Amino acid sequence: MRRARIVSAVAAALLWACTLLPPGAEAQTTTGRIRGYVRGPGGDVAGATVTARNTETNQRRQATSTGNGFYVLPGLRPGPYEITVQSPGFGAQRRGLQLLVGQTVDANFDLAEQTVTLEALDAVAPAVETRTSEVATNVTREQIEGLPSADRNFLGLAVLAPGTRLQDDRLDGTRKTFTAGAQPAEQVNVFIDGASYKNDLLQGGVAGQDASRGNPFPRNAIREFRIITQNFKAEYQKASSAIITATTRSGTNRWETDGFLNYQDRGLVELDRFQSRDRQNNPDFTRPDYDRVQVGANLGGPIIADRLHFFGSFERNVQNRARRVDIVPPSGYPALDTIDFASRNGEFDEPFRATLLFGKLTYEHNPASFFELSYHGRHENDVRDFGGNTAFEAATRFRNDVHTGILKHTWTRGDLLNEATVSLQDYFYNPQPNTPGPINRLFGFGCCAQIGGFVSDQDFRQLRASVRNDLTWSGLRWAGEHVLKGGVNVDFLDYDVVKRNAETPRFVYEPWYFGFAFPNKVEFQTGDPNFGARNTQLGLYLQDDWSPTERLVLNLGVRWDFETHMMNYDYETPGDVADSLTKYQDRLFLPLDPDRYFTDGDDRKPFYGAIQPRLGFSFALDSEARTSVFGGWGIFYDRTLFDHALEEAFALQHPSYTLFFAPPGGPVPAGQVEWDERYFDRDELLALLQDRRFNTPEVKLLPNDLRPPKAQHFNLGVRRAFGSVEASASYNAVRSKNILTFYWADQGFVCPQRAFGVPGCFENRDIPGWGTILFGDDAGKTWYDALQVKVDRPYARSAGRSWGWGAGLAVTVAERETQGFNDLFSFAQAVDYPRQVRNDEPLRIVGNWVVDLPFAGGLQFSGLLNLGSGTRQDVGGRADSHNPNTVFEPGGFEPGTEPFLVDAFAYRMLDVRFRKDFVSFRGSRIGVAADVFNVFNFDNLGCFNTFNREDANFGRAGCTVSDPRRLQIGVEYRAGGR
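Predicted, not measured: the structure shown is a model, and the values here were computed from it.

Engineer: Sorry, what's going on with the overall build of the chain here?
Structural biologist: When its secondary structure is counted, the chain shows 9 helices and 55 strands. Taking 2.2 N^0.38 as the reference for a compact globule, 978 residues should give roughly 30 Å; the C-alpha atoms of the chain span a radius of gyration of 30 Å, in line with that estimate. Overall size of the chain, expressed as C-alpha extent along the three principal axes, is 110 × 70 × 50 Å. Scored against the burial criterion, the 978 residues of the chain give a buried share of 58%.

What follows is the structure, encoded as structure tokens:
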């Protein structure tokens with residue numbers, strides 16, 4: 001811990017040093033860069049003044065061309081710019097340019113004696129970027145506003161980038177995250193206005209996205225964002241998969257206001273295949289109640305023109321749905337007749353409420369100094385996790401809050417640009433019983449009926465205070481032109497966790513155990529539920545964007561990240577645990593390495609090795625840089641989730657117990673308790689734990705050398721600009737490792753088939769005094785190889801026309817493999833998870849368009865097409881108990897395809913949107929919008945029976961993985977602005 005304290009002191013010193021730098025903010029994760037060469041009839045023009053004026057705010061930035069005519073304007077806020085070049089003896093040259101977030105745009109100028117305007121300033125399309133080594137996709141404001149969206153979650157548009165996938169993208173989905181590169185959602189990161197929204201505690205990758213049906217940010221406050229799936233530069237931290245960097249809207253010199261109201265109810269939603277079948281077979285079938293209202297508004301404009309601007313937005317999501325409980329106990333069991341299931345049946349409300357707030361002030365102190373202050377708030381309440389065979393009293397009430405404040409400042413002087421950000425974020429996650437108190441009873445029919453209160457109550461809080469400073473110097477001239485950028489980020493985190501998991505006892509009843517007359521067992525946890533830690537995250541990086549020649553750009557960077565408390569470094573293995581495992585290690589299926597798994601509080605050292613070189617290049621094949629070859633390689637480290645690092649301490653501090661009951665009045669087998677109804681009282685159960693026979697907590701051991709997840713990215717591709725259309729094709733690969741999982745050490749297979757279906761093949765070798773024994777390991781690996789093709793034409797209007805269009809196509813042909821893990825608790829050992837294709841989809845095609853239909857009175861038509869070959873799944877499994885002769889076939893099942901243009905897709909989804917203004921007065925417009933999702937009502941099937949090829953139902957689907965056709969209607973209001 002001494003070295004960790006030293007690093008904390010160094011971090012504090014760096015933080016103090018940042019305050020001595022020229023005042024600054026707006027990390028370049030949310031800005032862009034314009035660069036190029038100025039030439040005249042005689043060659044390079046030195047000393048030319050290049051001015052970039054933001055036409056929305058009138059903010060100006062200047063640069064001077066060097067001896068070879070090179071200039072660079074880094075750290076520019078995304079938006080429309082007027083670029084003017086002036087030099088004595090030449091006429092001024094002017095160009096309009098739309099800069100997107102994260103872009104590096106080349107703009108060359110050839111000066112002449114006359115003043116020239118190269119592009120009409122009132123019809124500027126977003127710039128085409130051909131000189132980057134990153135594999136990235138920009139999503140523009142027109143796409144955010146215009147493309148159909150059922151839930152208004154801006155992360156849903158991440159699918160526009162090749163290689164990305166959405167999880168749980170459904171009306172009632174409760175975990176809306178995105179993934180890329182064969183890695184889980186935990187390995188992504190999202191930056192909004194330069195602030196990291198990384199979820200250090202829980203799954204999902206983004207603060208607030210684990211187990212939530214809500215949105216991370218108000219969609220009407222997002223100006224644009226960029227999805228980077230490969231080779232992102234050294235300034236980005238804490239992600240080994242993809243990142244999203246988003247910038248929010250700001251006030252301009254024109255007051256503008258927007259408002260919207262979207263509505264949907266059950267009459268606007270079709271039935272899927274399985275619901276239609278239920279309606280045909282059940283004369284009492286009715287649609288559950290459902291309605292959703294999404295409403296929002298925003299206002300922005302000048303408080304002081306050219307100097308001080310304001311922008312604010314609000315979104316509200318109100319969902320009222322009902323879920324039907326229908327518990328029908330089987331006949332022939334008198335014990336079930338004594339339980340009132342009927343009163344628990346019926347429809348019960350499942351409300352969801354979400355509020356999103358955003359406000360921003362921007363202030364130009366002087367042409368060299370710019371301030372930005374913003375606040376984002378997210379608040380959700382959700383009642384859920386009931387229905388079918390689960391009674392309403394077992395529902396969960398879920399609360400989810402995220403609050404973020406950001407203060408930023410940008411300072412420029414000559415070749416220097418300093419950007420600094422200070423942010424504070426409070427994330428609160430709290431699922432708890434909706435009806436606390438009643439004991440929980442689980443009945444083994446219908447798999448499975450549940451009554452009583454929800455068993456757990458959790459309270460997670462992550463408080464992050466972050467300081468970041470980035471310094472860019474573009475004055476180095478050595479063997480070409482250099483743009484040097486270095487920075488430091490220091491995050492101070494406070495984790496506060498209360499995990500009252502399973503504190504409400506769950507009594508399990510089975511038909512084979514005396515016909516439900518009394519419970520077979522009870523499962524519960526008890527102990528101290530409080531956990532917490534303070535963590536300091538330090539990041540340092542240096543990046544050189546070097547242009548040895550006009551055609552060649554090299555991106556050379558290195559990053560180092562460090563954490564003082566990523567896991568329990570001062571944890572001490574209890575002596576009785578070490579003694580027991582040492583004494584009985586011959587019973588373990590996994591070898592026990594005491595040096596790796598036992599610690600006296602001083603055997604675990606913070607990880608200092610997160611050194612991450614990142615290299616890229618781009619080479620223009622023609623003098624106009626319309627065609628370029630690009631590629632890169634880099635190492636990227638992420639982090640181990642705090643909740644996962646708690647598993648070792650949690651298992652003993654808040655242990656889980658399973659007590660088996662024997663029939664009353666009969667013999668009591670060893671290890672069981674004679675059933676008595678007094679055990680419905682939790683205190684009576686706790687009293688049993690005084691007997692060591694029943695107090696057998698589970699043991700989980702983390703390796704002392706646990707390393708954070710690591711990935712290597714490499715890619716090679718070609719890009720071509722056809723006017724305003726950009727096309728690219730690239731090979732992209734990811735090799736990731738250090739994925740944490742737990743294996744059962746005292747349970748395993750003892751026959752070559754390694755299957756439950758073989759009698760006696762599976763053994764449980766108890767360690768006296770303890771429950772199951774699990775060893776953690778970070779040996780999990782993934783492989784990802786993909787060919788990605790992208791064609792993109794950003795939305796733009798031609799000069800003199802009142803209509804415009806934009807479209808894009810993303811094609812991914814990929815293979816995903818994993819080794820050594822399935823999830824956090826793999827079963828049983830690593831040998832059961834060899835390198836194999838897992839959850840792999842070979843082909844995914846995503847298309848999008850936004851078109852103002854000419855001669856249609858302002859009607860806008862947009863759409864999103866999503867086609868996939870379907871996810872390959874395993875046939876059978878190592879732990880398959882259905883048939884001992886089942887052959888385990890990794891990735892051996894592929895869903896059947898259905899026709900859409902061609903017969904090649906198992907997943908088909910077409911969403912369209914129509915919007916038209918009908919009332920216009922005094923600069924205001926009122927219009928209506930209609931979104932149709934899943935236009936052709938395709939049944940995208942899932943829940944396939946893949947256990948045994950000999951089964952008559954093998955390959956049959958049991959559910960759909962997408963919603964049926966549904967309509968959403970809306971009203972929109974706009975005034976001012978565009």
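Engineer: Would you mind going over the packing of aromatic side chains with me for this structure?
Structural biologist: Note on aromatic pairs: each is described by the distance of the centres and the angle between the planes. Inspection of every chain in the model, using the stated rule, returns 48 aromatic pairs. Note on F661 and W675: the rings are 4.9 Å apart at their centroids and 75° apart in plane angle, and the pair reads as edge-to-face. Here the residue F661 occupies a position in strand 35 (residues 656-662), and W675 occupies one in the loop between strand 36 (672-674) and helix 9 (682-688), the gap between them amounting to 14 residues. Among the residues examined, W675 registers a relative accessible area of 10% and is labelled buried. Connected via pairs of aromatic rings, a cluster forms that spans Y333, F341, F443, F445, Y509 and F516. The ring of F589 carries R765 above its face, with NZ or CZ at 3.9 Å from the centroid. In this structure, R908 packs its charged tip against the face of F938, placed 3.8 Å from the ring centre.

Engineer: What's the story with the nonpolar core in this structure? I'm lost.
Structural biologist: Within soluble globular proteins, side chains that are nonpolar generally end up buried alongside one another. Membership of the largest hydrophobic core comes to 52 residues, with the highest contact counts inside it found for F154, F178, V190, Y197, F217, F225 and I244. The contacts of F217, once residues within four sequence positions are left out, are F154, I192, Y197, I222, T248, L356, F358 and H376. In terms of nonpolar packing, the next biggest core, distinct from the first, is built from 30 residues, I327, Y509, Y657 and L685 among them.

Engineer: Please explain the pairing of strand 22 (residues 369-384) as it appears in this structure.
Structural biologist: Of the pairings in the sheet, the one linking strand 21 (residues 346-366) to strand 22 comprises 14 bridges and is antiparallel in character. Each bridged residue has a counterpart across the sheet, and for R353 the counterpart in strand 22 is N381. Connecting the antiparallel pair strand 21 and strand 22 is a turn made up of 2 residues.

Engineer: Which parts of the structure should I look at to understand the pairing of strand 42 (residues 773-797)?
Structural biologist: Residues in a regular strand project their side chains so that they alternate between the two faces of the sheet. Most of strand 42 is tucked away, with 18 of its 25 residues classed as buried. Note that strand 37 (residues 699-701) and strand 42 share 3 bridges and pair parallel. Its bridge partner lying in strand 42, K700 is registered against L774. Relative to strand 43 (residues 804-819), strand 42 is paired through 15 bridges, and the arrangement is antiparallel. When the bridges of strand 43 are listed, V791 appears paired with L809.

Engineer: How do you make sense of the sheet that holds strand 16 (residues 222-230) when you look at a structure like this?
Structural biologist: Backbone-to-backbone hydrogen bonds pair the strands of a sheet. The strands run either parallel or antiparallel. The strand order across the open sheet formed by 5 strands is 11-16-17-14-15, and the pairing between neighbours is mixed. Two strands bound the open sheet, and with one partner strand each, they are strand 11 (135-139) and strand 15 (195-196). Strand direction decides the pairing type here: strand 14 (residues 189-192) and strand 17 (residues 243-248), joined by 4 bridges, are parallel. What sits directly across from N189, in strand 17, is I243.

Engineer: Would you mind going over the state of the cysteines with me for this structure?
Structural biologist: Structurally, a disulfide amounts to a covalent bond that connects the sulfur atoms of two cysteines. Overall, the coordinates contain 2 disulfides when judged by the stated rule. The disulfide partner of C943 is C959, and the S-S distance across this bridge is 2.0 Å. Between C943 and C959 the sulfur-sulfur dihedral comes to about 85°; the bridge is accordingly right-handed. Residue C943 is located in the loop between strand 53 (941-942) and strand 54 (959-960), and its partner C959 is located in strand 54; the two are separated by 16 residues in the primary sequence. For C943, a relative accessible area of 52% translates into the label exposed. What makes C959 buried here is its relative accessible area of 19%. What connects to what in the chain, once the bonded cysteines are numbered by sequence position, is 1-2, 3-4. Unpaired in terms of disulfides, C447 finds its nearest cysteine sulfur in C448, a separation of 3.8 Å.

Engineer: Help me out: how do you make sense of the side chain of R915 in this one?
Structural biologist: On the secondary structure map, R915 appears in strand 51 (residues 907-921). By relative accessible area, R915 is classed as buried at 7%. At a separation of 2.4 Å, a polar atom in the side chain of R915 contacts the side chain of E972. If we skip the residues at most four places from it in the chain, R915 touches G858, L859, Q860, G927, V928, A929, E972 and R974.

Engineer: Got a minute to help me understand the sheet that holds strand 30 (residues 521-525) in this structure?
Structural biologist: Read across the sheet, 6 strands follow the order 26-25-29-30-35-36 without closing on themselves; strand pairing throughout is mixed. Looking at which strands have only one partner, the edges of the open sheet turn out to be strand 26 (449-451) and strand 36. Adjacent strand axes in the sheet meet at a mean angle of 25° when their direction is disregarded.

Engineer: Even after reading the chapter, I still don't get the pattern of salt bridges, so can you show me in this structure?
Structural biologist: If the charged atoms of two oppositely charged side chains come close together, the side chains can form a pair. Within the structure shown, the criterion is met by 78 salt bridges. For R719, the salt bridge is made with E726, and the minimal N-O distance between the two is 3.4 Å. This pair shows no difference in class: R719 is buried, exactly as E726 is. If you follow the salt bridges from partner to partner, you end up with R141, E145, R913, R915, D917, R925, D931, E972 and R974 in one network.

Engineer: Looking at this structure, I do not really get helix 5 (residues 575-583). What am I missing?
Structural biologist: Side chains three or four residues apart in an α-helix point the same way, a direct result of the helix having 3.6 residues per turn. Inspection of helix 5 places V577, A578, S580 and L581 among the buried residues, and these make up the whole buried set. Among the structural elements, helix 8 (647-653), strand 37 and strand 42 are those in contact with the buried residues of helix 5.

Engineer: Any chance you could explain the environment of A711 here in plain terms?
Structural biologist: Assignment of secondary structure puts A711 in strand 38 (residues 710-722). With relative accessibility at 0%, the residue A711 sits in the buried group. Every residue in contact with A711, bar those within four places of it in the chain, is listed here: Q183, S240, G634, I635, F636, V734, R735 and S736.

Engineer: In this structure, what is going on with a nonpolar patch on the surface? I would like to understand it.
Structural biologist: Judged by side-chain polarity, W255, L299, I303, I304, L361, F371, L373, L407 and V422 come together as a nonpolar surface patch covering roughly 790 Å² of accessible area. Of all the elements in the fold, those that place two or more residues in the nonpolar patch are strand 19 (290-304) and strand 22. Note on placement: L407 falls in strand 23 (residues 396-413). Relative accessible area serves as the criterion here: at 43%, L407 is assigned to the partly exposed category.

Engineer: Can you help me understand the side chain of N400 in this one?
Structural biologist: Looking at the element boundaries, N400 is found in strand 23. N400 sits in the buried class, given a relative accessible area of 0%. Within the local environment of N400, its side chain forms a polar contact with the backbone oxygen of G208, the two atoms lying 2.8 Å apart. Beyond its immediate chain neighbours, meaning those up to four positions away, N400 contacts G208, S212, R378, H379, E380, Y427, F428 and Y429.

Engineer: Where do I start with unusual backbone geometry in this structure?
Structural biologist: Along the chain, C447 connects to C448 via a cis peptide bond; the corresponding omega equals 0°. Within the secondary structure, C448 is located in the loop between strand 25 (440-443) and strand 26. The step from F827 to A828 runs through a cis peptide bond, and the omega angle for that step is 5°. Mapping A828 onto the fold places it in the loop between strand 43 and strand 44 (836-837). Of note in this structure, D193 is not a glycine but carries a positive phi near 55°. Mapped onto the secondary structure, D193 falls in the loop between strand 14 and strand 15. What makes D193 buried here is its relative accessible area of 1%.

Engineer: Would you mind going over the environment of V846 with me for this structure?
Structural biologist: Among the structural elements, V846 can be located in strand 45 (residues 843-852). Ignoring sequence-local partners within four residues, the contact set of V846 consists of V159, L160, G808, L809, A810, L864, L865 and N866.

Engineer: I keep staring at a negative patch on the surface and nothing clicks. Help me out?
Structural biologist: Together, D570, E572, D593, D595, D600 and D603 line one region of the surface with negative charge. With respect to the element layout, D593 can be found in the loop between helix 5 and helix 6 (594-597).

So, how was this worked out
Residues numbered from 1 in each chain as written. Predicted model: local features only at pLDDT ≥ 70, side-chain atom pairs only at ≥ 80, totals over all residues. Heavy atoms only, no water. Helix = DSSP H or I, 4+ residues; strand = E, 2+ residues; numbered from the N terminus. Rg over C-alpha atoms; globule rule 2.2 N^0.38 Å. Buried < 20%, exposed > 50% of the residue type's maximum accessible area, 1.4 Å probe, protein only. Phe/Tyr/Trp six-rings, centres within 6.5 Å; stacked < 30°, edge-to-face > 60°. Lys NZ or Arg CZ within 6 Å of the ring centre and 35° of its normal. Core = buried A, V, L, I, M, F, W, Y, C linked by side-chain atoms within 4.5 Å. Contact = heavy atoms within 4.5 Å. Pairing = 2+ DSSP bridges. Disulfide = S-S within 2.5 Å. Polar contact = N/O pair within 3.5 Å; in protein donor to acceptor, adjacent residues only side chain to side chain. Axes fitted to C-alpha atoms, helices over the stretch in contact; angles between N-to-C directions. Salt bridge = Lys/Arg side-chain N within 4 Å of Asp/Glu carboxyl O. Patch = residues over 30% accessible without salt bridge, like charges linked within 9 Å, V, L, I, M, F, W, Y side chains within 5 Å. Areas by Shrake-Rupley, 256 points an atom, 1.4 Å probe, with all protein chains shown as cover. Lys, Arg positive; Asp, Glu negative; His and termini not counted. Charge placed at Lys NZ, Arg CZ, Asp CG, Glu CD.

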